[in-house]
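Take a look at the letters that make up each chain.
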Amino acid sequence: MFRKHGIPDKAWLDNGREFAAKIITGGQATRYRFKVDPNELNGVLTELGVQVHWTTPGSGQSKPIERSFLDVMCNHVVTHPALRGASVGNSPMNKPDYTPKPADLDTLLTVMEDCINLYNAKPGRRTRVCAGTLSFDQAFKESYERSPIRRAGPEQLRMAMLSAERGTA
């Protein structure tokens, strides 16, 4: 994301332990998971100056990506002809009557990218930003073109790929 779209000023994260991990959000003033240590190292988002906001648990409005997962993954990716026979079902009660065969990773990634692109290109989205006429792609493009974009330099991209742990020598 940093390489392709730049560094965001703000990020809305789910409340899961993965997002609140010190490697991601260490040093954020609003980080309430885990023990707060004033000597902890800053996480990637903190180091890049991204202000983190936490979504409200149980509030679908605060995390619209959840709807995208349903629409894209469940309704398109899982049922895509190129992945026929690879589904294991969405719960123990919905297991298929066959032994699933693993999908080739390249095929899966291609199908996912195609389905996400189609989803984002669909016009007439009924959101505040899309106003019932634009697609998600169009709304993003319009916003991106008029917003100042902080570009990540090579050092920042390398830092984003590292994990930091305090140690003693």
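Quantities reported herein were computed from a predicted structural model and do not represent experimental measurements.

A. Structural detail: the overall build of the protein. Along the protein, the regular secondary structure elements total eight helices and two strands. Beginning at the N terminus, the succession of helices and strands in the protein can be written as α-β-α-α-α-β-α-α-α-α. Here the C-alpha radius of gyration of the protein, 20 Å, is well above what a compact globule of 169 residues would show, namely 15 Å. The dimensions of the protein, computed from C-alpha atoms along their principal axes, are 55 × 40 × 35 Å. Among the 169 residues that make up the protein, the fraction classed as buried is 23%. Long-range pairs, those at least 24 residues apart, make up 48% of the contacts in the protein between residues at least 6 apart in sequence. In the form shown here, the protein has an accessible surface area of approximately 12,600 Å², with 57% of it arising from carbon and sulfur atoms. With 23 positive and 18 negative side-chain charges, the protein shows a spacing of 4 Å between the two charge centroids.

B. The arrangement of unusual backbone geometry in detail. Phi is positive for A131, close to 55 degrees, though the residue is something other than glycine. Note on placement: A131 falls in the loop between α6 (105–121) and α7 (136–146). Assessed through its relative accessible area of 58%, A131 is described here as exposed.

C. Structural detail: the side chain of D71. Along the chain, D71 falls in helix α5 (residues 65–77). A distance of 3.5 Å separates a polar atom in the side chain of D71 from a polar atom in the side chain of Y119. Sequence-distant contacts of D71, that is, excluding residues within four places in its chain, are made with H76 and Y119.

D. A look at the pattern of salt bridges. Counted according to the given criterion, the structure contains two salt bridges. Residue D9 pairs with R150 through a salt bridge whose shortest N-O separation is 3.4 Å. Of this pair, D9 sits in the loop between α1 (2–5) and β1 (10–13) while R150 sits in the loop between α7 and α8 (154–160), and the two are 141 residues apart along the sequence. For D9, a relative accessible area of 48% translates into the label partly exposed. E145 is the partner of K141 in a salt bridge, and the nearest nitrogen-oxygen pair spans 3.4 Å. Of this pair, K141 and E145 both sit in helix α7, four residues apart, which is roughly one turn of that helix. E145 carries the same exposure label as K141, and that label is exposed.

Criteria and thresholds
- Residues numbered from 1 in each chain as written.
- Predicted model: local features only at pLDDT ≥ 70, side-chain atom pairs only at ≥ 80, totals over all residues.
- Heavy atoms only, no water.
- Helix = DSSP H or I, 4+ residues; strand = E, 2+ residues; numbered from the N terminus.
- Rg over C-alpha atoms; globule rule 2.2 N^0.38 Å.
- Buried < 20%, exposed > 50% of the residue type's maximum accessible area, 1.4 Å probe, protein only.
- Contact = heavy atoms within 4.5 Å.
- Areas by Shrake-Rupley, 256 points an atom, 1.4 Å probe, with all protein chains shown as cover.
- Lys, Arg positive; Asp, Glu negative; His and termini not counted.
- Charge placed at Lys NZ, Arg CZ, Asp CG, Glu CD.
- Polar contact = N/O pair within 3.5 Å; in protein donor to acceptor, adjacent residues only side chain to side chain.
- Salt bridge = Lys/Arg side-chain N within 4 Å of Asp/Glu carboxyl O.

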